[in-house]
Amino acid sequence: MIPCINWLEPFLALISSTLLTRGHICPSSCLCPDHHTVDCTSQGLTRVPDSIPLDVRRLLLSNNWIPWIPSDFLVLYSDLVYLDLRNNSLSQLEPGTLSTSSRFVFLDLGSNNLTEISSGTFGESRSLIKLRLGNNPYLNMVGRDAFTGLTSLRELELERNGLMALDVMVLQSLPSLQMLRLEGNPWLCNCHFAKLFVWLTENCHKLPQGMEGIECSLPLDGRRVPLSLLSEDSFRECRGALTLTDYLIIIFSGISVSVAAIVASFFLASTVHCFQRLSKGSKGDEEEGND
């Protein structure tokens, strides 16, 4: 009986090895140096490869031609920690596409063709620590709530994009932020930039190159100057300036007052008319009584 068992051991080992290998199939044109890493760097890919192991933790897809990410791509990859999509052809991100992985720590979307980071793009990715969005020359819009929920984010890179303005609420929603890159953007030093300038002044220790590394264009002559040459007094004319929201409030208030005045006038006119009719009726009754 024992010799029989000894004969079966190599056979069982071979079967076990085959099953383990099948559980970690590496996509074609990619390398898998270990069971948790898939490296598809510089393979000329035009789409996200199939057959990615479900337990992948590091997925490297940089230097390809991938134009989009399927909205359900990350649903099955709950262990994914590191995703590198640098230097591809991504032009947009569906809201929520990158919010399904709760273990995300590192995400690189730099050097793509992104135009906008809308609210809800990253959802509640509370574990994300480093986010690279630099070198997207067409990126000119970041939604006010684009980074809401990224409570662990420490490093945010938005350098060399097409940003001319940025709502300061985008940065105020990041309680753990330690490093921020904003250099190389075509910032405009107008009244919309004033609040962001104040925040940058108070948090200049988070800027690797300091205030002198960020330039903006002056509204009068378009001359670009480092922020280090400006102060809050440079925006003193903006203290009394009204924002679009202020104008909308004023317009709405004016319309409300006008409507209220019309209603009050109508009510007053109706009341006077009723009193006049009652007065005439009383006089008529008195005259009939005298007769």
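Residues numbered from 1 in each chain as written. Predicted model: local features only at pLDDT ≥ 70, side-chain atom pairs only at ≥ 80, totals over all residues. Heavy atoms only, no water.

Caption draft 1: Expanded view of the state of the cysteines. Taken as a whole and judged by the stated rule, the model has four disulfides. Sulfur-sulfur distance for the disulfide between Cys26 and Cys32 comes to 2.1 Å. Between Cys26 and Cys32, the S-S torsion sits near 90 degrees, and that sign places the bridge as right-handed. What makes Cys26 partly exposed here is its relative accessible area of 29%. Linked covalently through their sulfurs, Cys189 and Cys216 form a disulfide whose S-S length is 1.6 Å. Across the S-S bond linking Cys189 and Cys216, the dihedral sits near -80 degrees, which makes this disulfide left-handed. Highlighted residues: Cys189 in the loop between strand S11 (187-188) and helix H3 (194-202) and Cys216 in strand S12 (residues 215-217), separated in sequence by 27 residues. Residue classification places Cys189 among the buried residues on the basis of a relative accessible area of 7%. We classify Cys216 as buried; its relative accessible area is 0%. Counting only the cysteines that take part in disulfides, in the order they occur along the chain, gives the pairing 1-3, 2-4, 5-7, 6-8. (Disulfide = S-S within 2.5 Å. Buried < 20%, exposed > 50% of the residue type's maximum accessible area, 1.4 Å probe, protein only. Helix = DSSP H or I, 4+ residues; strand = E, 2+ residues; numbered from the N terminus.)

Caption draft 2: Quick peek at the nonpolar core. One finds Leu98, Leu109, Leu131, Phe147, Leu156, Leu200 and Leu227 to be the most contacted residues of the largest nonpolar core, which totals 64 residues. Elements that contribute at least two residues to this core include exactly helix H2 (169-172) and H3. If one sorts the elements of this core by residue count, H3 sits on top with five residues. (Core = buried A, V, L, I, M, F, W, Y, C linked by side-chain atoms within 4.5 Å.)

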